[in-house]
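Residue-level structural notes
What follows is each chain in one-letter form.
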Amino acid sequence: MTTQAGVAERLTSLVGALRAHGVRIGTGETVDAARAVGELGLADRELLREGIAATLLHGPAQRQVFDAVFDLYFPRGVGGPEQPAAGREELRDRLADALAADDRAMLGRLAIEAVDGFGGYGSSPESDGWSSYQALERLRPQTLMARVRDTVRGQGGATGFTDRLLEDEIRRRIDAFRALVAAEARRRVAERRGRDEIARRAVAPTADRLDFLFAGQDRLAELRRTVQPLARKLATRLAARRRRAARGAIDLRRTLRGSLSTGGVPMKPVLRARRPARPELVLLCDVSGSVSGFSDFTMLLVQALHDQFSKVRVFAFVNRIDEVTGLLEHGRADPEGLGARIQAEAAVTGYHGSSDYGMALGEFAERYADAAGSRTTVFVLGDARTNRSDPNLPALRQIAERARRVHWLNPEQRSRWGTGDSVAPAYAELVEMHECRNARQLSALVARLLPV
Amino acid sequence: MFTSVDDVSARLAEAGYLASRAVATTVFLADRLGKPLLVEGPAGVGKTELAKAVAEVAGARLVRLQCYEGVDESRALYEWNHAKQLLRISAGRDETWDEARTDIFSEEFLLTRPLLTAIRGDDPKVLLIDETDKADVEVEGLLLEVLSDFQVTVPELGTITATRRPFVVLTSNASRELSEALRRRCLFLHIGFPEEELERRIVRLKVPGLDETLARSVVRVVGTLRAMDLRKEPSVAETVDWAHTLLALGAESLDETVVRATLGVLLKHQDDVLKASAKLDLDAL
């Protein structure tokens, strides 16, 4: 990789891999990255990482993908560590010391040794590989907690008040070590299987392209943290739309008053401000296990946008429907426990625990008919999998007739609508149904569909 | 302007700005590649300070354009001084139209605004476009033109091209997504919360009277708070404020009473304060 052509090739494949992950990079930026490499040289890997990131990336959300891909194309080294791996106990001893001292460089080296010593599996050339899971399972860094804590305390590193922070800090260091092991395992696999394939498959997507239905707990937590910034962006976008919509009739009095400074010539027409009619919003959310990640996220997003609307009402259902607006109120909203609170405090299930859209829609049309009026836009969130029970189309039709607009956001991919127990096509005939699989699609839809 | 990345770090440090590796590298590249630098990050991590420090290091004049909703061409670029033009016209009543016209559209009647100021003249300048995300989309179009060619066309005067390109820093709090076109023209730098070690050095630099061990504890508490998933995480500015507060209170070391009494300096929401108190066992007294 020291030759000029080698670096150029490596850089273009890096760009290719990033593009495959949806990072939009033009040729101009690639050229800039190459110039940056020229300015910085290849001696310091971390400089190179920052330099290339500065030229190629356009936002902080892309950074995680970039780091993983960068590690594959500009690896720390080739092959395993020079000396043969140490025994399990010895490695654990050194790991405990490094964790106690918070020695990042040492942790990096230990991650390499851990993968080399304990991460390998398989014996034939086709089926072997490197597994971070296996390495961590053998090494069990989380069990070092007590030992590291005692070491640090013994050194007098934590006295008085800060002592209570120690466990959290060590936990974070251990998590950092696990991430290092995962990156190292990816690198070793990439050496065997070819970088391009690993870059495409083994690097996790950015949070906003994550499929709601397949996201794990930690990724959902990451997603929740994007709610506030996303809401702010949407709010400005809505405000801009509203401003444009407000261009209307000329206000003669204020135009004439303004013309006095230009000698009576009306240079700047003043437009009459239109009375903003803030619309009402009603959310019907399926909170059953399969789609709860999606519903939680959308509820939080809409709640964060609440000042954009005169009234927001949120209803949750599994097979019975109940109003949960109060649970989402500002200040009370603890995003982590939202799902659990809804299950505990609202009556969303009846005799059984599986979702039934027909029952829920019918109950809404019956009990909360006044919630949907001529100024209300209704959003239904759910996968329309009604477990083979009656879809109750008349109820939805009745809601659609009363409300100004009804949109259905479905977190399943369009090609799966209508398969199995999904009655999505039947509902889609009555109301507009949109595919909404990740945060990116959701924010695009919200910006487009929310009433101004 | 700079010879190497280490040179950037060292000289910024002299100006009182402790830069992380990422910041120093990107500043170095922005200088070498001659591209504007787009800095994003949470409030209070020193985005604006960076521009000021670069200006000080380079011995350049800092030209600042503060963006807000409704900022327009006449606030950002240039404006004709209408009142003065009117005075000039009424002062010379006997002139022919041609004389008056060439005269009232001359430099004397031009009010230069930050973007034009940064382009004109030979002295080194740092142009800081602060809170770019607050400006309307139309202003971005204007910025694109100015930042890609460093030239401005004033119809009555002709095109003014920069003889010496300013070092441009744009900051954004990401309250609105900046357009892809603008991002493409810039080097992107995200300043997050600093590493523990760097933050300790920042605290020691900004609050020189603070005891070393106390500074260490302060930074550790802030680090723990940031890991808590709060509504508003404490930023570097808050860390420094807290250090000042502790110094003013004459606290020698952290204990429950002091932390509980001063938590409001770090956290700005009541639910955050409650959550943090619970997690830090502050109510265990």
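Now for a quick tour of the structure. Just so it is clear, the model here is predicted, and its values are computed rather than measured. (Residues numbered from 1 in each chain as written. Chains lettered and ligands numbered in written order. Predicted model: local features only at pLDDT ≥ 70, side-chain atom pairs only at ≥ 80, totals over all residues. Heavy atoms only, no water.)

The helix and strand tally for chain B stands at 14 helices and nine strands. Expected size for 285 residues packed as a compact globule is a radius of gyration near 19 Å; at 24 Å, chain B overshoots this value by more than 25%. Split into buried and exposed, the 285 residues of chain B put 50% on the buried side. Long-range contacts, defined as pairs at least 24 residues apart, comprise 73% of the intrachain contacts of chain B with a sequence gap of at least 6. Surface accessibility of chain B: about 12,800 Å² in total, with carbon and sulfur atoms responsible for 51%. Charge-centre separation for chain B: the mean point of 36 positive side chains lies 2 Å from the mean point of 48 negative side chains. (Helix = DSSP H or I, 4+ residues; strand = E, 2+ residues; numbered from the N terminus. Rg over C-alpha atoms; globule rule 2.2 N^0.38 Å. Buried < 20%, exposed > 50% of the residue type's maximum accessible area, 1.4 Å probe, protein only. Contact = heavy atoms within 4.5 Å. Areas by Shrake-Rupley, 256 points an atom, 1.4 Å probe, with all protein chains shown as cover. Lys, Arg positive; Asp, Glu negative; His and termini not counted. Charge placed at Lys NZ, Arg CZ, Asp CG, Glu CD.)

A few words on empty space enclosed by the protein. Residues and elements named next belong to chain A. For the structure on display, the rule yields four cavities of 30 Å³ or more. Its boundaries defined by the atoms lining it, the largest cavity holds a volume of some 80 Å³. Looking at the largest cavity, the residues that line it are Leu281, Leu283, Thr298, Leu301, Val302, Leu305, Phe309, Phe379, Leu381, Leu409, Val446 and Leu450. Counting only elements with at least two residues in the lining of the largest cavity, the list comes to strand 3 (280-286), helix 14 (292-304) and strand 6 (376-381). Take the lining of the largest cavity: its biggest share by element is three residues, from helix 14. Residues that form the lining of the largest cavity fall into these classes: eleven nonpolar, one polar and no charged. (1 Å grid on protein atoms, 1.4 Å probe; cavity = no way out; pocket = protein on both sides within 12 Å on 5 of 7 lines; lining within 4 Å. Points joined across faces, edges and corners; volume = space filled by probe spheres on them. Nonpolar A, V, L, I, M, F, W, Y, C, P; charged D, E, K, R; others polar.)

On to unusual backbone geometry. In terms of backbone geometry, most residues other than glycine have negative phi values and most peptide bonds are trans. All names here are of chain B. Backbone geometry at Glu131 places phi at a positive 55°, although glycine is not the residue there. Its relative accessible area of 24% is what places Glu131 among the partly exposed residues. A positive phi angle is found at Phe150, which is not glycine, with a value near 50°. Mapped onto the secondary structure, Phe150 falls in the loop between helix 8 (137-149) and strand 6 (151-154).

Residue and element names in this part refer to chain A. Position of Tyr121 relative to the elements: it lies in strand 1 (residues 120-121). Of the residues examined, Tyr121 reaches a relative accessible area of 36% and is grouped as partly exposed. Considering only alpha carbons, one finds Tyr121 and Leu301, 180 residues apart in sequence, at a separation of 44 Å.

What follows deals with helix 11 (residues 217-225) of chain A. Among the residues making up helix 11 of chain A, those that are buried are Arg219, Leu220, Leu223 and Arg224 of chain A. Each buried residue of helix 11 of chain A lies within a common arc of 145° when the element is viewed along its axis, so the set occupies one face. (Arc of directions from axis to C-beta.)

Every contact between the two is made by 39 residues of chain A and, on the other side, 42 residues of chain B. Summed over the three residues of chain A that lose the most area to chain B, namely Glu39, His58 and Phe161 of chain A, the buried surface amounts to 18% of that side. Across the chain A-chain B interface, the total number found is six salt bridges. One salt bridge connects Arg220 of chain B with Glu169 of chain A, and the closest N-O pair in it is separated by 2.8 Å. Here chain A is connected to chain B by nine residue pairs in polar contact (both at pLDDT 80 or more). (Buried area = accessible area lost by both parts, 1.4 Å probe. Salt bridge = Lys/Arg side-chain N within 4 Å of Asp/Glu carboxyl O. Polar contact = N/O pair within 3.5 Å; in protein donor to acceptor, adjacent residues only side chain to side chain.)

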